[in-house]
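# Analysis of the macromolecular model
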Amino acid sequence: MIKNYHFTRISSTNDYARQIIENESEVIVTADHQTNGRGRKERQWQGDFGANLFFTYAVNHKKIATFKNILSFLTSTSLMVINTLREFAPKTEFIIKYPNDILARNDKDRFKKISGILTEHIFQGNIPLISIIGIGVNINQKEFPPYISSIACSLAQLGYNVNLSTFTNILQDKFEGLYLQDEIELFEKWKSEINIKGKLVTRDGSNKIWKAEEILLDGRLLISSDTDKAIIDDGETIRYGM
Ligand code: BTN
């Protein structure tokens, strides 16, 4: 059984998990509210009190040596989250945007972000010691601040009335089965959900158009232009048509 910690208010569930995981094997940390929620690329991750899922799973690899491929944490988490969303919102189309955003098609026929995943690993040399996977899912948030309202959405905005504790419990149960999953199968499923191959891609801060060639076995994305090839990892933001 994974040990659970729940807080009414905390700075960040990822930061708390990082503090305690050295003396644990696996933990899940959840909170009603985060005062310093973090997203990728030093961005903030916010949400109304008690409205959304703030969830971190952390594992200490010293104790569990069988699931060594750390990419599997990203692939399995993205799949567990998208599958949970599909259970609660069966009429809505969800996709994974490379590498780890989950988008929902809203009624204006556009995709908006409903969930983000922040994966952090602590290494000793090349050996992963600890993996910390933070998940934010917008559940009952009624409105978003103006700077993200055109790109973010919640299950409530899509017309679903979802009990946050039930959603949390169902996702938590999926983490209990994490190590039973096959890494290659997970990778293939994740790739097919992303469906990026052949799409035109731009990188943050540039208008140059690239073509997505392939997601490599380590999760990085190979892109090409007429003259160059480049490899993108989850530290970079890219744009492409869904
Ligand atoms: C992103 O899309 O940029 C990733 C967002 C991840 C947010 C979650 S909420 C729970 C966990 N705690 C944090 O501080 N961040 C992650």
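Everything below is about the structure shown above.
This report concerns the structure included in the present document. Worth saying up front: this structure is predicted, and the values here are computed from it rather than measured.

Each value, and the rule that gives it
- Residues numbered from 1 in each chain as written.
- Predicted model: local features only at pLDDT ≥ 70, side-chain atom pairs only at ≥ 80, totals over all residues.
- Heavy atoms only, no water.
- Axes fitted to C-alpha atoms, helices over the stretch in contact; angles between N-to-C directions.
- Helix = DSSP H or I, 4+ residues; strand = E, 2+ residues; numbered from the N terminus.
- Parallel < 35°, antiparallel > 145°, perpendicular 65-115°, else oblique.
- Left-handed = near helix turned anticlockwise from the far one by under 90°.
- Contact = heavy atoms within 4.5 Å.
- Nonpolar A, V, L, I, M, F, W, Y, C, P; charged D, E, K, R; others polar.
- Near = heavy atom within 4 Å.
- Polar contact = N/O pair within 3.5 Å; in protein donor to acceptor, adjacent residues only side chain to side chain.
- Areas by Shrake-Rupley, 256 points an atom, 1.4 Å probe, with all protein chains shown as cover.
- 1 Å grid on protein atoms, 1.4 Å probe; cavity = no way out; pocket = protein on both sides within 12 Å on 5 of 7 lines; lining within 4 Å.
- Sits in = over half its atoms within 2 Å of the grid points.
- Expected span 1.5 Å × (residues − 1).
- Buried < 20%, exposed > 50% of the residue type's maximum accessible area, 1.4 Å probe, protein only.
- Arc of directions from axis to C-beta.

In a packed pair of helices, the relevant descriptors are the angle between the two axes and the axis-to-axis distance. The contact between helix α2 (residues 71-88) and helix α3 (residues 164-176) brings their axes to 10 Å, and the two run at 140°. The orientation of α2 with respect to α3, classified from their angle, is oblique. The way α2 lies across α3 gives a crossing that is right-handed. Each of T77, M80, V81, N83, T84, L85, E87 and F88 in α2 lies in contact with α3, whose residues at this interface are T166, F167, I170, L171, K174 and F175. By residue class, the composition of the contact of α2 with α3 is eight nonpolar, four polar and two charged.

With that out of the way, let us pick up the site of the ligand. Lining the immediate surroundings of the ligand are 20 residues, of which S12, Q34, R38, R40 and K113 lie closest. Measuring from an oxygen atom of the ligand, one finds a backbone N or O atom of R40 at 2.7 Å. Here an oxygen atom of the ligand and a side-chain polar atom of K113 are 2.6 Å apart. In isolation the ligand has 410 Å² of accessible area, and contact with the protein removes 98% of it. Judged by the proximity of its atoms to the pocket grid, the ligand belongs to the largest pocket. Only α1 (13-20), β3 (53-60), β6 (111-124) and β7 (127-137) provide two or more residues apiece to the shell around the ligand. Take the shell around the ligand: its biggest share by element is four residues, from β6. Of the residues contributing to the shell around the ligand, the split by class is six nonpolar, ten polar and four charged.

The next point concerns α3. Relative to the 18 Å expected for 13 residues at 1.5 Å per residue, α3 spans 19 Å between its end C-alpha atoms, a close match to the ideal helical length. Buried residues of α3: L164, F167, T168, L171, Q172 and F175, and no others. One side of α3 carries all its buried residues, which in axial view fall inside an arc of 130°. Packing partners of the buried residues in α3 comprise β1 (3-10), β2 (26-34), β3, α2 and β7. The distance from a side-chain oxygen at the start of α3 to the backbone nitrogen of S165 is 2.9 Å, and the residue carrying that oxygen is N163.

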